[in-house]
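Inside the fold
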Amino acid sequence: MSARVLLPWTDIDVPEELEAAYYDGVESPPADLGDVEFYVLPYDRGPEPPKLISRLPSLRVVQSLSAGVEALVPLLPAGVRLANGRGLHDLSVAEHALALIHASQRDLPRWFAQQSRGEWAREHTRSLADSRVLLVGYGSIGQAIERQLVAAEALVTRVASRPRPEEDVHGVAELRELLPEADVLVLILPDNPATRGLIGPDELAALPDDALVVNVGRGTAIDTDALVAEARTGRLRAGLDVMDPEPLSADHPLWTAPGVIITPHIAGGSASFYPRAKKLAAEQLRRYAKGEELLNLVEH
């Protein structure tokens, strides 16, 4: 009897050893899921797809298409393996991080507003070239961001949870010493006890005047109230794709803080993501059907 898999798309190559059922995270899932062994979670469809895990008694593997899987771990029954989407979002998030940086450094919101009024007034702006960028989070996404920063001739300092001297990577324990030298602080961090509130009032105060804070990881890495206080005075600027809380309420002060650019947690979902995600899912199914080791397995 074929093993059954539950997939979010119908155009994924499925090995003949497997039988596919489909659930896109929007329509109702199939009624009979008792024999599903491999579940590829629909991407960015809210809380309902993860809840389905508890209704899959034969489940052996969950394939997430997100890089961060912290919220899934408590939902997994004993013995179920978890694979993440490491690598799928690298270029999308890197593009978005650079877009936020360039938009802020070159003051694009001002020019867009001026365009809407039909005004022509000129002024020179900041630049990313030769800026000192402190890159906090040096996994695959951080490395993709670094490649684009280097191409823009920025000066990059790398920071990870632990120092890696052989790669010229500083440890997070050195962060307070590094912040005063940063023109741009870029955060690409997961949500876990070690990262929550990592950038608080003291860390923000350590940044130089007019520094730019960019967050494309998880909103919990920054103390939101502290950031609002700094931005309201105009001392710091921010480019945020993730916030805490998320979504922001319509009256949240971040929306109107000067120098703050906000996008609604969309960095990872560009057009380049979907072909890569389908290719990964197909490769994982091939490996599962052949009894080979899966990619991107996460210890939990």
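Per an unreviewed UniProt entry, the protein goes by Dihydrofolate reductase and derives from Amycolatopsis vastitatis.

**Remarks on the domain arrangement of the protein**
Segmentation of the protein into domains returns domain 1 (3–84 + 271–298) and domain 2 (89–262). The C-alpha centroid of domain 2 is placed 33 Å from the C-alpha centroid of domain 1. At the junction of the two partners, domain 1 supplies 9 residues and domain 2 supplies 7 residues. Interface of domain 1 and domain 2: buried area, both sides summed, is about 560 Å²; carbon and sulfur atoms make up 46% of it. Our enumeration of links across domain 1 and domain 2 arrives at 2 residue pairs in polar contact (both at pLDDT 80 or more). Grouping the constituent residues of the side of domain 1 that touches domain 2 by class yields 4 nonpolar, 3 polar and 2 charged.

**Overview of the pattern of salt bridges**
A side chain of one charge can pair with a side chain of the opposite charge if their charged atoms are brought near each other. All told, the structure shown has 22 salt bridges when counted by the stated rule. Of the charged contacts in the structure, one is a salt bridge between D35 and R4, with a shortest N-O distance of 3.1 Å. Of this pair, D35 sits in the loop between β2 (18–22) and β3 (36–40) while R4 sits in strand β1 (residues 3–7), and the two are 31 residues apart along the sequence. Looking at R4, the relative accessible area reads 13%, which means it is buried. We note a salt bridge from R132 to E181, for which the minimum N-O separation is 3.1 Å. Pair noted here: R132 is in strand β6 (residues 132–136) and E181 is in the loop between α5 (175–178) and β9 (184–187), with a separation of 49 residues, a long-range link. Connected through salt bridges with shared partners, the residues E283, R286, R287 and E292 form a single ionic network.

**As for the pairing of β6**
Taking burial as the measure, the 5 residues of β6 include 4 buried ones, the bulk of the element. As paired elements, β6 and strand β7 (residues 155–160) share 5 bridges and run parallel to each other. Among the inter-strand pairings, L135 is bridged to a residue of β7, identified as R158. Relative to β9, β6 runs parallel, the two sharing 4 bridges. Looking at β9, one finds that L134 is bridged to L185.

**Details of the sheet that holds β1**
Judged by pairing direction, the sheet is parallel, and its 5 strands sit side by side in the order β2-β1-β3-β4-β5 without closing on themselves. Looking at the sheet topology across the chains shown, the edges are occupied by β2 and β5 (81–83). Geometrically, the sheet is characterised by an average inter-axis angle of 20° between neighbouring strands, direction not taken into account. In the sheet, β1 pairs with β2 via 5 bridges, with the strands oriented parallel. By the bridge assignment for β2, L6 is matched with A21. Sitting on the sheet, helix α8 (residues 273–290) touches β1, β2, β3, β4 (61–63) and β5, and the angle it makes with β3 is about 160°.

Cut-off values and rules
- Residues numbered from 1 in each chain as written.
- Predicted model: local features only at pLDDT ≥ 70, side-chain atom pairs only at ≥ 80, totals over all residues.
- Heavy atoms only, no water.
- Domains from an automatic or database assignment.
- Contact = heavy atoms within 4.5 Å.
- Buried area = accessible area lost by both parts, 1.4 Å probe.
- Polar contact = N/O pair within 3.5 Å; in protein donor to acceptor, adjacent residues only side chain to side chain.
- Nonpolar A, V, L, I, M, F, W, Y, C, P; charged D, E, K, R; others polar.
- Salt bridge = Lys/Arg side-chain N within 4 Å of Asp/Glu carboxyl O.
- Helix = DSSP H or I, 4+ residues; strand = E, 2+ residues; numbered from the N terminus.
- Buried < 20%, exposed > 50% of the residue type's maximum accessible area, 1.4 Å probe, protein only.
- Pairing = 2+ DSSP bridges.
- Axes fitted to C-alpha atoms, helices over the stretch in contact; angles between N-to-C directions.

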